[in-house]
Amino acid sequence: MALQPDYDRKAELKAFDETKTGVKGLVDSGVTEVPPIFLLPTPENLNSEHPEDLTLPTIDLQGINDSIRRKEVVEQVKDASETWGFFQIVNHGIPISVLEEMIKGMKDFHEQESEMKKKWYTREVSGKTRVVYNSNFDLYTGPVTNWRDTVYVNMLPNPPKPHELPPPCRDILLDYSELMMKLGVCLFELMSEALGLESNHLLDMGCADGLAVQGHYYPCCPQPELTIGSPCHTDNDFITILLQDHIGGLKVLYQDQWTNVPPTPGALIVNVGDFLQLITNDKFVSSQHKVVANKAGPRVSVASFFTTGAIETLKVYEPIAELLSEDNPAKYRSTTLKEYVNYYRAKGLDGISSLLHFKI
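Reading guide: rules and limits
Residues numbered from 1 in each chain as written. Predicted model: local features only at pLDDT ≥ 70, side-chain atom pairs only at ≥ 80, totals over all residues. Heavy atoms only, no water. Helix = DSSP H or I, 4+ residues; strand = E, 2+ residues; numbered from the N terminus. Polar contact = N/O pair within 3.5 Å; in protein donor to acceptor, adjacent residues only side chain to side chain. Contact = heavy atoms within 4.5 Å. Pairing = 2+ DSSP bridges. Axes fitted to C-alpha atoms, helices over the stretch in contact; angles between N-to-C directions. Phe/Tyr/Trp six-rings, centres within 6.5 Å; stacked < 30°, edge-to-face > 60°. Buried < 20%, exposed > 50% of the residue type's maximum accessible area, 1.4 Å probe, protein only. Lys NZ or Arg CZ within 6 Å of the ring centre and 35° of its normal. Right-handed = clockwise from strand over helix to strand, strands pointing away. Parallel < 35°, antiparallel > 145°, perpendicular 65-115°, else oblique. Left-handed = near helix turned anticlockwise from the far one by under 90°. Nonpolar A, V, L, I, M, F, W, Y, C, P; charged D, E, K, R; others polar. Lys, Arg positive; Asp, Glu negative; His and termini not counted. Salt bridge = Lys/Arg side-chain N within 4 Å of Asp/Glu carboxyl O.

Draft legend 1. Summary view of the side chain of Arg130. By the secondary structure assignment, Arg130 is in the loop between α5 (114-118) and β3 (131-134). Among the polar contacts listed, one links the side chain of Arg130 to the backbone oxygen of Asn154, at a separation of 2.6 Å. In this view, Arg130 contacts Tyr152, Val153, Asn154, Met155, Asn158, Pro159, Pro160, Glu164 and Leu165; residues no more than four positions away in its chain are not counted.

Draft legend 2. Here's a closer look at the sheet that holds strand β11 (residues 289-291). The strand order β6-β11-β8-β9 describes an open sheet built from four strands, whose pairing is antiparallel. Looking at strand neighbours, the two that pair on one side only are β6 (230-233) and β9 (257-260), the edges of this open sheet. Going across the sheet, the axis of each strand differs from the next one's by a mean of 20°, ignoring polarity. Pairing geometry for β6 and β11, over two bridges, is antiparallel. By the bridge assignment for β11, Ser230 is matched with Val291.

Draft legend 3. Representation of the packing of aromatic side chains. In the structure shown here, the tally under the stated rule is 13 aromatic pairs. Measuring from ring centre to ring centre gives 5.2 Å for Tyr121 and Tyr133, while their planes differ by 85°; the resulting arrangement is edge-to-face. Of the two residues, Tyr121 is situated in the loop between α5 and β3 and Tyr133 in strand β3; the sequence distance between them amounts to twelve residues. Assessed through its relative accessible area of 0%, Tyr133 is described here as buried. Ring geometry for Phe137 versus Tyr344: centroids 6.3 Å apart, planes at 15°, classification stacked. With a gap of 207 residues between them, Phe137 in the loop between β3 and β4 (149-156) and Tyr344 in helix α9 (residues 337-347) connect regions that are remote in the sequence. By the ring-pair criterion, three or more aromatic residues cluster together here, those being Phe238, Phe275, Tyr317, Tyr340, Tyr343 and Phe358. Positioned above the aromatic ring of Trp258 is the side chain of Lys290, whose terminal nitrogen or guanidinium carbon lies 4.3 Å from the ring centre.

Draft legend 4. Geometry of the pairing of strand β2 (residues 86-90). Most of β2 is tucked away, with four of its five residues classed as buried. Pairing analysis gives three bridges linking strand β1 (residues 58-60) to β2, with the strands arranged parallel. Its bridge partner lying in β2, Thr58 is registered against Gln88. Tracing the backbone out of β1, into helix α3 (residues 67-83) and back to the parallel element β2 gives a crossover that is right-handed. One ladder, built from four bridges, connects β2 with strand β10 (residues 268-272); its direction is antiparallel. Bridge pairing in β10 links Phe87 to Val270.

Draft legend 5. Highlighting the packing of helix α4 (residues 96-111) against helix α6 (residues 170-194). For the pair α4 and α6, interaxial distance at closest approach is 10 Å and the crossing angle is 135°. Comparing the axis directions of α4 and α6 gives the class oblique. Remark: the crossing between α4 and α6 carries left-handed chirality. Across from Val98, Leu99, Glu101, Met102, Gly105 and Met106 in α4, the residues of α6 making contact are Ile172, Leu173, Tyr176 and Leu179. Tallied by class, residues from the contact of α4 with α6 come to eight nonpolar, one polar and one charged.

Draft legend 6. Looking closely at the side chain of Lys117. Inspection of the secondary structure puts Lys117 in helix α5. Although buried, Lys117 forms no salt bridge, and the nearest oppositely charged side chain, Asp149, lies 5.2 Å from it. A polar contact of 2.7 Å, which involves the side chain of Lys117, links it to the backbone oxygen of His110. Excluding residues that lie within four positions of it along the chain, Lys117 makes contacts with Thr21, Lys24, Phe109, His110, Gln112 and Tyr133.

Encoded structure:
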C-alpha cells in the first residue's frame, strides 16, 4: 500500500496519541482499514508454514522439592535457557481461577469507559508513576506503530497502596503479584542451580527485587497481515513470566525459524531477559519474539517482568565472576538496570538487541 506524498507521520502519531483511547479507540470507531502509522514495510506472512517438530519445551514443576526430581527439572531449565531462552511451565502452583481472573481484570481495564481509562494515560516513564497506560511506549521512536494498548504497573520494590491501582484489576493485581513473586523466587533458584551456583545466588544479586505487571490488549484487526501486535524484540529484564489468553499469536525465533507458541490452558511461559543474558555472560539467551495481529480478538496477555526498571537503585550489574574464566572472559561492561532500560526505551523496538550497546 503506497502512502500519499502528503502523509505527515509525526502529525498522525500526535493525533493518535492525543485521543488517549489507543488502538481500541480506533476499532471502536469502526475503522475498516489499518491506518498508515501502523503499516509494516512488508506485510507479515500469516500463512507461513511452521516447522511441526519445533515445540517450546514444557517443564513440569511438580515435586521439585524431591532431590532426584529437582535435578531433572534443573537440567531441563538449563537446556531450555541455553537454547530456546523460552520454556512453558505447568503445575506451577497458581490456580487456573486466578489466571482467568487476572486476564479478566486486564480485559476489564482496557474495556472500561474511555473517560475512566483516560485518567491513567501518560507517557511518563521515570519509574515514579505507579500506573502507566498508553499505546506503544515507543510511539515516537519506533519504526512502526503496533496494534496494541498496554497498562504497565510497578508492583515492587515499593508495593502499591490499593487506592493507587485501577479499580477493574485492583484486587487481582495484588493477589496475582504475590503469587508471581513466589513463583519468580522458585524459578531464580532453579536457574541459579542450572548455572552451577548456589540456589540463592541470583536472588542475592537482586534479580527478584523488582516486579512490574503489564497487561497487553490486542484488539481485533481488519487487516492483520499489514501490521504487527508486537514487533520482533527481546525483553529488558531478568526474566518474564507470561500469561496469555486463548487467542494466540506469540512467535519465538528459534534456530532462525519463527515458531508458534499456541496457548495451553493453565500453563505459563517463561523467558530469559537481556539482563539475565548479560549477567550469565551469554550462557542463557534472551530470544527474539513477536506477536502477530489477528482478525479474532481481543487478545489479552499479562507479562510479569522481574526488574526494578527505571526506578533508581544503587545496584551495578556485570557478568557473574563464577561463570568467567581465561577462556570465557566478560563480554559485557558493568551497568545498572536503569541505564539499560532507559537505553532500551529510547531506542524503541527496532529489532536490534540493546545488549550490543553494552558489549565490551
